[in-house]
Amino acid sequence: MSPSPTGEVLISSERLAGRVTELGAQISRDYADKDLVMVGVLRGAVVFIADLLRSLDVACEIDFMAVSSYGSSRDSSGVVRILKDLDDSITGRDVLIVEDIVDSGLTLNYLMRNLRARDPASLEVCALLTKPERRRVDVPIRYTGFEIPNTFVVGYGLDHAQQYRHLAHVAELPEDVDPGSGTR
Ligand code: IMP
């Protein structure tokens, strides 16, 4: 059985649902006349993109990428490797990258450069969580769910060593767990 963290609940499932509904409405307005493809970044964004998708009332396709950063998840190195690429072309399409959390910003910076080179009509980012204090490179985030302090969090798709993704809320990792071995 998966362990249950005793860390403090940072964002309840009710607050998550409310914010996802708001983001969905905003994205639906902004992309009403566009050719939207949401690109989910595996694996952490799976829960978020599934809820976000159901809150849209515009036509939308989804695709996925999996990337791994060298270094521990606590300290991204900025050297990113593509483990799974998109299945379809994004040339001429309106691409919205859907991320679980932006920490240093290095992964997202790499992803944006990589996807921009494929000539999409537009390229924007929707991140459920962001930790502004940890930012090492400036990345433009068009849609943000919640800004959180510099703390390691799990739940709603986010993991520590592949655990806790199933939690319906976002919780702080208990203090006695070393976040150094976290994975995407
Ligand atoms: P960045 O390149 O430093 O912005 O790292 C972003 C990635 O690190 C995210 O997509 C997550 O996979 C991972 N990450 C960063 N902070 C956390 C956290 O608090 N909990 C779980 N994963 C995290």
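Given the structure is predicted, the values throughout are model-derived calculations rather than measurements.

Re the nonpolar core
Step number 1: Core analysis: the biggest nonpolar cluster contains 26 residues, and Ile-27, Phe-48, Leu-52 and Leu-129 have the highest contact counts within it.
Step number 2: Where this core is concerned, the elements lending two or more residues are helix H1 (13-30), strand S2 (36-42), helix H2 (46-54), strand S5 (94-102), strand S6 (122-130) and strand S7 (143-147).
Step number 3: By size, the runner-up hydrophobic cluster in this structure holds 21 residues, among which are Val-80, Val-95, Val-102 and Leu-111.

Side note on the site of the ligand
Step number 1: The immediate surroundings of the ligand are formed by 17 residues, with Asp-100, Ser-104, Gly-105, Thr-107 and Val-153 found nearest.
Step number 2: Within the contact set of the ligand, an oxygen atom lies 2.9 Å away from a side-chain nitrogen or oxygen of Asp-100.
Step number 3: In this structure, Thr-107 approaches the ligand through a side-chain N or O atom, which is 2.5 Å from an oxygen atom.
Step number 4: Here the ligand has 500 Å² of accessible area as a free molecule, and 97% of this is covered by the chains.
Step number 5: Of all the elements, S5 adds the most residues to the shell around the ligand, at four residues.

What about H1?
Step number 1: Helix length check: H1, at 18 residues, gives a terminal C-alpha distance of 26 Å against a target of 26 Å (1.5 Å per residue), a fit within 8%.
Step number 2: For H1, the full list of buried residues reads Leu-16, Val-20, Leu-23, Gly-24, Ile-27 and Ser-28. Angularly, the buried residues of H1 cover 135° about the axis, an arc narrow enough to put them on a single face. In H1, the exposed positions that point more than 90 degrees away from the buried face belong to Glu-14 and Arg-29.

Some remarks on the sheet that holds strand S9 (residues 170-172)
Step number 1: Taken in spatial order, the three strands line up as S1-S9-S8 in an open sheet, and their pairing is antiparallel. Of all strands in the sheet, those with a lone pairing partner are strand S1 (9-11) and strand S8 (153-154), marking the two edges.

Quick notes on the rules
- Think of each chain on its own: its residues are numbered from 1, step by step along the sequence as written.
- Per-residue local features of the predicted model are confined to residues with pLDDT of at least 70, and side-chain atom pairs are confined, for both listing and counting, to 80 or more; whole-chain, interface and lining totals are unaffected and use all residues.
- Side-chain measures here rest on the full set of heavy atoms in the structure, leaving out hydrogens and waters.
- Residues enter a nonpolar core if they are buried and are Ala, Val, Leu, Ile, Met, Phe, Trp, Tyr or Cys, with the set joined through side-chain atoms within 4.5 Å.
- Any residue under 20% of the maximum accessible area for its type is buried, any over 50% is exposed, and the rest in between are partly exposed; the area is computed with a 1.4 Å probe on protein chains only.
- In DSSP terms, a helix is any run of H or I states spanning at least four residues, a strand is any run of E spanning at least two, and both are numbered starting from the N terminus.
- Consider each residue's heavy atoms; a residue with any of them within 4 Å of a molecule or strand counts as near.
- Nitrogen and oxygen atoms within 3.5 Å of one another constitute a polar contact, given that in protein one can donate a hydrogen and the other can accept it, and given that sequence-neighbouring residues count only through two side-chain atoms.
- Note on areas: Shrake-Rupley, 1.4 Å probe, and residue coverage restricted to the protein chains presented here.
- To estimate the expected span of a helix, subtract one from its residue number and multiply by 1.5 Å.
- As used here, the arc is the angular range of directions from the helix axis to the C-beta atoms.
- Here a strand pair is declared whenever DSSP counts at least two bridges between the two strands.

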